[in-house]
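# Structural overview for review
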Amino acid sequence: MTDVVLRVNGRERKASVPPETTLLQLLREHLGLTGSKLGCDVGDCGACTVIVDGKAVNSCLMLAGQVDGREVLTIEGLATRDRLHPIQRAFEERASLQCGFCGPGSIMSAKALLDENLDPTPQEIRDALAGNLCRCTGYTKMIEAIQDAARELRTEKSARTAP
Amino acid sequence: MPDTFETKKQEKTVVTDVPREAGVDLRLPAVVPAVPYPIETLVPQVNQQTPAVGQRVTRPDGRMHGLGQTKYIDDMSFPGMLHAKIKRAGIASARIVRIDTSAAEAMPGVMAVVTGRDIPVNSFGPSYQDQPVLADERVFHAGDGVAAVAALTEQIALDALEKVKVEYEPLPAVFDPVEALQESSHKVHGTDTNVYAKKTIRKGDVERGFAQADHVFENRFSTQMVEHVSLEPHAAIADWDANGRVTIWCTIGRITLARGDMARTLKHPMSRIRMVGTVVGGNFGGKNEITQEPVLALLSKKTGRPVKGVYSRGEEFTSTTTRHPIIMDYKTGVTKDGKIIARKVRLVLDGGAYCSWSETTLGKAAILSAGPYNIENLDVEAYVVYTNKTMTGAMRGFGAPQVCFAYESHMDDIAKALGIDPLEIRLRNAFGEGSASPTGQVLHSVVVKESLLKAAERFGWKEGRS
Amino acid sequence: MKGFEFVSAKDARHAVALMAEYGPKAKILAGGTDLLVDLKSVPEAPPAVIDITRAADMKEIKVTDRGLVIGALATHGEIMSSPEIRDRYPALVDAAHSIGAIQTRSLGTLGGNLVTAVPSLDSGPALVALEARVTIAGAGGSREMPLIEFFVGPRRTALKAGELLVDVVIPKKNLGKPAGFQKFGLRKGQALALVNSAASFWLDPAKKVFVDPCIALGAVAPTVIRAPKAEAYLAGKKVTPEAMAEAGRIAAGEAKPISDFRASADYRRDLIAVLTKRSLEGALAVAERNQKESRK
């Protein structure tokens, strides 16, 4: 068994899992966080996207042992009790998700993008979403939602930094 | 079979030392005020623009999706739940000589194994009941299931599948739909012909039309097989309880039809079967009939436990329905000013190993194959044939996209040869108000020409060509 | 996935020791974007997976007296954002950017990409065009070789059992050499290259001629290849659009592309001509920018 201690959504979690457990299995089956989805299991569809140490990754392509001591953010860690994350709200308002299966992954990719770049161009957004397949073909509304969220986050940031 | 066992595998399945405090991370958002919707009823007149167009509406399920809280099948689990996997034949056409499941059954952690012979009525299908739940005597395509295992974990089930030994006697096979039409071809289901449905539409006298035409154009078009690739794979959970009531949580879009198929294949009263349609992670026509559900139900019956099955992405391609490849022969007679006066269409749909929704697709493809054009003399013959390939079925458009590709490409060829603007030749032939479809349906609210003109104006058709 | 043992290496030396301990069937986990896919479908699991993702000494990107050293564990994302690479080597940035999607680029490593050695690998041509060398560590010490010789065949490299690719070095003589990279896939993201091409040359500031031109092509032969005839044609020639187009045509004749379900050999040859011309143009743009900046 591989013992791992990691921070998931800001909280320390411990698990002892078989070495061949993927990060996705660790999250879904051992920590009960089923928001990240298994779509293809080979890193093509992006439904399992989570953020590890600030970078968007396919959690189906990481072993649990690799995340020992690392910081993992999943879709469950975005909203608080009081409010949706601006990306989640924008996705809801723009009706960016249809069947929703790609949603958590797409939103995590968007989050990783906006964490680094609060004013992305549409091309940068497309690039950030290139690894998230949506078969309901809803990319346009996702891109619009991410632009909305970026705008809101910029406003929030300037309000915080204003004297 | 006992749940506990003394092997290396045991430590892999025991996860009692893992804290299961999942709830703390599933933070609920505060409820925000709902968006009010206009509630006054409005009955628009024909061709009247309703105020709905241009309004922004959100989806009722959008928030749950965005929070990752929507529960798809694979997000659900029940106490004692087992995991099922299906062994695929991997051979396109064969007789099954014998299946030996003893080694798999003896594996620690394996709770039950079923084969095609365990299925009470081993056939189903929306039009013809030609599809076995699991292949028993014969394998008709490589994606056919031959045995299924329920085990404590998915990995044990997969390992057990490797221990299921199947002996095959390879049989001839046919993969090309045109070849399958020939008398000498291998007959997939042993019947006289591989053609299992045919549609004919005749209107006017097509030969006279060709004789009167200034030009006759002929061309063959073909399209490829397409898989829906819904992001969520086919998944289901079956729970056969001690009272003989079966509950199936499934991703099927047509649960009532599926319930009938379950009753048939399980030979179980429909009143004892409950189908729960869950949120589906993409259907697109690919989740319109049962797949593994009867197998899961039987595994649940054998073990007395809920059994979950989730297809791998590979199984999605090999063992679920796909879009029909169609070979489309078009022959069109036109006057020198581009008016179509006769059209002959021959369609051969590659139906794969089983009918599934092929009959429906065939009908739509045949009716729509002439295009939205007034053609006085029409002769359409469409066939769907069995081949030893993954079955084709419903997918967005039911045959319409394939024929549209053919007749519009054909139209462009004709326009080019006659030196007529591609938009103009369509306007000269397109349906108008009161036009009749090839099968005689009189059409209303026809805006083909208006749509073409508006589109041409919007994207600058004329400007782009000058 | 079938069961295996999971061990983590602290550094390159530890990794080599673990490889010796677990034998040739053990698998090295660098980025895992290919390895995990393989492990999910292998009939037999390896005895161990040796995780080298924590070997910090193999991650650095820095300029030393050997040249520009890129640790084998540098991810494609890190290469794109490295201050040593970002502004000076757009070809390396473009090559890294063309790999997979963001998720794969934040896990996938340069070393992993090179060791996988698929004919269509995207990180190869740009490095070959800069005449990169690789350092290989083994139980008996380390050795060096040109990257182009590292590729032996499709999915085959010069690595022997127990050896580890440690870093990739752009030699001193090529530091700052202008280079361009071009890839053509069926989509803009997450697609395998039908053809990729890289070119580098020094621009003689006075005579405006090609000096030391170097052209590398990917996905058109079992391994990354150079286009020596096209290079010879360009050497000493005046830099003109016609010369670059002609070099592309010559390069197209030097490759042996295959026909498969993605594209025909003829189509690939056409692509080689166009992409080679464009990668030369890319290198030229860098050269002109560099000269403008040095004049400032």
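Refer to the structure presented above.
The notes below deal with the structure included here.

What counts and what doesn't
Residue numbering note: each chain is counted from 1, following its sequence as written. Labels are handed out in written order, letters beginning with A for the chains and numbers beginning with 1 for the ligands. The predicted origin of the model limits local features to residues at a pLDDT of at least 70 and limits the giving and counting of side-chain atom pairs to 80 or more, whereas totals for whole chains, interfaces and linings rest on all residues. Strand pairing follows a simple DSSP-based rule, namely that at least 2 bridges must link the two strands. Only DSSP runs of H or I with at least four residues qualify as helices, and only runs of E with at least two residues qualify as strands; both kinds are numbered from the N terminus onward. Whenever a helix is involved, its axis is fitted only over the stretch in contact; in every case the axis is a line through C-alpha atoms, and angles between N-to-C directions fall within 0 to 180 degrees. Oblique is the label for every angle not falling under 35 degrees (roughly parallel), over 145 degrees (roughly antiparallel), or within 65 to 115 degrees (roughly perpendicular). Definitions for this section: a left-handed crossing has its near helix turned counterclockwise from the far helix by less than a right angle. A right-handed crossing has that turn clockwise. Contact between two residues is assigned when their C-beta atoms, built from the backbone, lie within 7 Å. Each residue is assigned to one class: nonpolar for Ala, Val, Leu, Ile, Met, Phe, Trp, Tyr, Cys and Pro, charged for Asp, Glu, Lys and Arg, and polar for all the others, Gly among them. A set of buried residues drawn from Ala, Val, Leu, Ile, Met, Phe, Trp, Tyr and Cys, joined through C-beta atoms within 7 Å, is what defines a nonpolar core. To assign burial, the other C-beta atoms lying within 10 Å of each residue's own C-beta are counted, with C-beta atoms placed from the backbone; 20 or more indicates buried, 12 or fewer indicates exposed, and intermediate counts indicate partly exposed.

### Let's talk about the sheet that holds strand β6 (residues 165-170) of chain B
All names here are of chain B. Spatially, the 3 strands line up as an open sheet ordered β4-β2-β6, and their pairing is antiparallel. Strand pairing shows two members of the sheet lacking a second neighbour, β4 (138-139) and β6, which therefore form its edges. As defined by bridge partners, strand β2 (residues 94-100) adjoins β6 across 6 bridges and the pair is classed as antiparallel. Bridge pairing in β6 links A94 to P170.

### Structural notes on the packing of helix α11 (residues 241-254) of chain C against helix α12 (residues 265-295) of chain C
Helices that pack against each other are described as a pair by the angle of their axes relative to one another and the distance between those axes. Residue and element names in this part refer to chain C. Where α11 meets α12, the axes come as close as 7 Å, and the angle between the chain directions of the two elements is 140 degrees. With respect to α12, the axis of α11 lies oblique. Seen from above, α11 lies across α12 with right-handed handedness. Residues M244, A245, A247, G248, R249, A251 and A252 of α11 form the contact with α12, whose participating residues are R269, I272, A273, V274, T276, K277, L280 and E281. Across the contact of α11 with α12, the residue classes tally to 9 nonpolar, 2 polar and 4 charged.

### Considering the packing of helix α10 (residues 358-368) of chain B against helix α11 (residues 400-418) of chain B
Residue and element names in this part refer to chain B. Interaxial distance between α10 and α11 falls to 8 Å at its minimum, and their mutual angle equals 25 degrees. Accordingly, the angle class assigned to the pair α10 and α11 is roughly parallel. Here α10 and α11 pass one another in a crossing that is right-handed. Across from K364, A365 and L368 in α10, the residues of α11 making contact are A400, Q402 and V403. In the contact of α10 with α11, the residues fall into 4 nonpolar, 1 polar and 1 charged.

### What to know about the nonpolar core
Counting residues in each nonpolar core, the largest one holds 261 residues, and the members touching the most others are V149 of chain B together with I50, A179 and A251 of chain C. Beyond its immediate stretch of four places on either side in the chain, A179 of chain C contacts Y89, A91, A126, A129, L130, A198, A199, S200, A283 and V286 of chain C. Core analysis: the next-biggest nonpolar cluster, separate from the first, contains 5 residues, W357, A394, M395 and F398 of chain B among them.

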